[in-house]
Amino acid sequence: MPRRVAVEKDLSAIGDHLAENGLEVERVDMTDLTPSRLQGYGAVVVSGQTTNFMGMEDIKAKVPVIEAAGRTADEITAMVKERLQLQD
């Protein structure tokens, strides 16, 4: 599974923390993501401000989407690593 993680642009501190923990982070505008672009990521981290981040509720992605709202950077990093099946 790819170690690349898409992180919503507004979550720069989360993206920095993930990068410090060995993940390849790409900051993205959620409106620019398409199902085909999603396939290049092991996980997507969103702010949680919108649950319909692609503007299309019927799109199914096989990429884990992690909502950052109410979570610390450490919690999000642990969740991403768990979903990517990475060990510390």
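All values reported here derive from a predicted model rather than from experimental measurement.

**Quick look at the overall build of the protein chain**
Logical step 1: Along the backbone of the protein chain there are 3 helices and 4 strands.
Logical step 2: Listing every helix and strand of the protein chain by position from the N terminus yields β-α-β-α-β-β-α.
Logical step 3: Counting all 88 residues of the protein chain, 36% fall into the buried class.
Logical step 4: Look at the contacts in the protein chain between residues 6 or more apart in sequence, and 40% of them connect residues 24 or more apart.

**So, the environment of Leu-84**
Logical step 1: Relative to the helices and strands, Leu-84 is located in the segment after helix H3 (73–83).
Logical step 2: In the structure, Leu-84 is positioned 20 residues away from Pro-64 in sequence and 9.0 Å away in space, judged by C-alpha atoms.

**With respect to helix H1 (residues 12–20)**
Each full turn of the α-helix corresponds to 3.6 residues, which orients residues three or four apart in the same direction.
Logical step 1: Within the sequence span of H1, burial applies to Ile-14, Gly-15, His-17 and Leu-18. Across the axial projection of H1, the buried residues extend over an arc of 160°, all falling on one side. Away from its buried face by more than 90 degrees, H1 exposes Ala-13 and Glu-20.
Logical step 2: Those residues of H1 that are buried lie in contact with strand E1 (4–8), strand E2 (24–28), strand E3 (43–46) and H3.
Logical step 3: Gly-22 lies just past H1 and shows a positive phi near 90°.

**Digging into the side chain of Thr-77**
Logical step 1: Here Thr-77 is to be found in helix H3.
Logical step 2: Taking the relative accessible area as the measure of exposure, Thr-77 reaches 5% and is therefore buried.
Logical step 3: A polar contact is formed between the side chain of Thr-77 and the backbone oxygen of Ala-73, at a distance of 2.9 Å.

**Description of the sheet that holds E1**
Logical step 1: Strand order in the open sheet formed by 4 strands is E2-E1-E3-E4, with parallel pairing between adjacent strands. With partners counted over all chains shown, the strands left at the sheet margins are E2 and strand E4 (65–67), one partner each. Pairwise comparison of adjacent strand axes, ignoring direction, gives a mean angle of 25° for this sheet.
Logical step 2: Each of E1, E2 and E3 touches H1; the most contacted strand, E2, lies at about 165° to it.

Parameters at a glance
- Residues numbered from 1 in each chain as written.
- Predicted model: local features only at pLDDT ≥ 70, side-chain atom pairs only at ≥ 80, totals over all residues.
- Heavy atoms only, no water.
- Helix = DSSP H or I, 4+ residues; strand = E, 2+ residues; numbered from the N terminus.
- Buried < 20%, exposed > 50% of the residue type's maximum accessible area, 1.4 Å probe, protein only.
- Contact = heavy atoms within 4.5 Å.
- Arc of directions from axis to C-beta.
- Polar contact = N/O pair within 3.5 Å; in protein donor to acceptor, adjacent residues only side chain to side chain.
- Pairing = 2+ DSSP bridges.
- Axes fitted to C-alpha atoms, helices over the stretch in contact; angles between N-to-C directions.

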